Amino acid sequence: MKDWFCRTFTPWRAAALFEDGDAWFAYLVRYDKVCNAIRVVLFAVAVFLSFSTGTSWGTFAILVPIATGMFAAGTNLEMMIISVSAVLAGAVCGDHISPISDTTVMSSAGAQSNHLNHVSTQMQYAAVTACVCLVGYLIAAVTRTWWITLGVSLLLLLAVLTGMRRFCAKKAENGKK
């Protein structure tokens, strides 16, 4: 599948996409015109939308039909599963770090901590996972197989967490001296 951005894209082709009643995302995927990294875009859009609105369920309602609509012909169902998972993971991540999310507000209130301190500590944890997810979706763009992507992403997450643990242990050891 060739990269959509590498092809010549003229204004009259863009006009033809928007004149049709069909969704332009679905057109691009169906006719092999979209880059494989659309999952990264879906993840980033879901994080932004969920962070901005403070709701993961609202983001699901908006983006899941778009993600499944890109594969309406029933072709390439593995990539549809990965695309939907990108939307779900991005929405939950954005909701988790959103200062206006109901769960974030209730968590900080239940822990009787400063709300903004709670949000800033949650962002550190979510940033690590979001970065590994982004790399995982880039791996999905290359391998186009869900089980390879899942395995490599899990190994990558374990490697990152082990590296962070060793780094923090070394930092604490140097601090005691």
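Before reading on, note that the structure itself is shown above.
Quick caveat: nothing in here was measured; it's all calculated off a predicted structure.

(A) Spatial organisation of the layout of surface pockets. What the largest pocket holds in volume is close to 370 Å³. Residue lining of the largest pocket: 15 residues in total, with S85, Y137, T149, L150 and S153 positioned closest to the centre. Within the residue set of the lining of the largest pocket, elements represented by two or more residues are α5 (77–97), α7 (115–143) and α8 (146–176). Sorting elements by how many residues they give to the lining of the largest pocket places α8 first, with 6 residues. Here the lining of the largest pocket is composed, by residue class, of 10 nonpolar, 5 polar and no charged.

(B) Seen up close, the state of the cysteines. For the structure shown, the criterion picks out 0 disulfides. The closest cysteine sulfur to the non-disulfide-bonded C93 is located on C133, 7.3 Å from its own sulfur.

(C) The arrangement of the nonpolar core in detail. Within the largest apolar cluster, 21 residues are counted, with the highest numbers of intra-cluster contacts made by L42, F43 and Y137. Looking at this core, the elements with two or more residues in it are α3 (38–53), α4 (56–69), α5 and α7. The biggest single contributor to this core is α5, with 7 residues. Dropping the residues within four chain positions of it, L42 is found in contact with A67, M70, S83, A86 and V87.

(D) Expanded view of the side chain of D95. Tracing the backbone through its elements, the reader meets D95 in helix α5. Although buried, D95 forms no salt bridge, and the nearest oppositely charged side chain, R39, lies 23 Å from it.

About the cut-offs
Residues numbered from 1 in each chain as written. Predicted model: local features only at pLDDT ≥ 70, side-chain atom pairs only at ≥ 80, totals over all residues. Heavy atoms only, no water. 1 Å grid on protein atoms, 1.4 Å probe; cavity = no way out; pocket = protein on both sides within 12 Å on 5 of 7 lines; lining within 4 Å. Points joined across faces, edges and corners; volume = space filled by probe spheres on them. Helix = DSSP H or I, 4+ residues; strand = E, 2+ residues; numbered from the N terminus. Nonpolar A, V, L, I, M, F, W, Y, C, P; charged D, E, K, R; others polar. Disulfide = S-S within 2.5 Å. Core = buried A, V, L, I, M, F, W, Y, C linked by side-chain atoms within 4.5 Å. Buried < 20%, exposed > 50% of the residue type's maximum accessible area, 1.4 Å probe, protein only. Contact = heavy atoms within 4.5 Å. Lys, Arg positive; Asp, Glu negative; His and termini not counted. Salt bridge = Lys/Arg side-chain N within 4 Å of Asp/Glu carboxyl O.

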